[in-house]
Amino acid sequence: MIRITTQKDIEDLRNIISKNLYDLLTCHFHTLDKIYCAIEDNPMAQFSLDDYGAIYLVQAYDEIKGKIFESVEKNSLHDIVIYIAQHLSNNEYCADYIIPQSILNNAERNQIEKEL
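Quantities reported herein were computed from a predicted structural model and do not represent experimental measurements.

**Digging into the overall build of the chain**
Okay, step 1: Helix and strand counts for the chain come out as three helices and five strands.
Okay, step 2: Listed by position from the N terminus, the elements making up the chain come as β-α-α-β-β-β-β-α.
Okay, step 3: For 116 residues, the compact-globule estimate of 2.2 N^0.38 gives 13 Å, and the chain sits close to it at 14 Å.
Okay, step 4: When the backbone C-alpha atoms are referred to their principal axes, the chain occupies close to 45 × 35 × 20 Å.
Okay, step 5: Residues classed as buried in the chain amount to 40% of the 116 residues present.

Pasting the structure below:
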């Protein structure tokens, strides 16, 4: 699992993940920036999710097996489908787990789809 809290964390993944997954992560990060910084005037480069709850890029289903998610939504861009699952940790922070459909087998996909 890869922990993402800044735009630089996403930039560091640029050559490791597909362009579509990179674009989805960037878009999701920008959305969170707009939500959390709506009244602040912080440049995107300074925004960090450390105070709000990180984004986690899931690499294997075992990393999230047994977690109870508050909500799950399905998104797609061209050839990639991801699930964004929100997990409330310690009643204070809400982390977003980005789960590429491509890492899931049919049983795991069905388990995630039940949460939609």
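**Side note on the pairing of strand β5 (residues 93-100)**
Okay, step 1: The buried fraction of β5 is high, at six of eight residues.
Okay, step 2: Taken together, the three bridges between strand β2 (residues 55-57) and β5 define a ladder with parallel strand orientation. When the sheet's bridge partners are listed, L57 is paired in β5 with I98.
Okay, step 3: Relative to β5, strand β4 (residues 80-89) is paired through eight bridges, and the arrangement is antiparallel. For A85, the partnering residue across the bridge sits in β5 and is Y97.

**What to know about the packing of aromatic side chains**
Okay, step 1: Enumeration over the complete set of coordinates arrives at four aromatic pairs.
Okay, step 2: Pairwise contacts between aromatic rings join F29, F47 and Y52 into one cluster.

Conventions adopted
Residues numbered from 1 in each chain as written. Predicted model: local features only at pLDDT ≥ 70, side-chain atom pairs only at ≥ 80, totals over all residues. Heavy atoms only, no water. Helix = DSSP H or I, 4+ residues; strand = E, 2+ residues; numbered from the N terminus. Rg over C-alpha atoms; globule rule 2.2 N^0.38 Å. Buried < 20%, exposed > 50% of the residue type's maximum accessible area, 1.4 Å probe, protein only. Pairing = 2+ DSSP bridges. Phe/Tyr/Trp six-rings, centres within 6.5 Å; stacked < 30°, edge-to-face > 60°.

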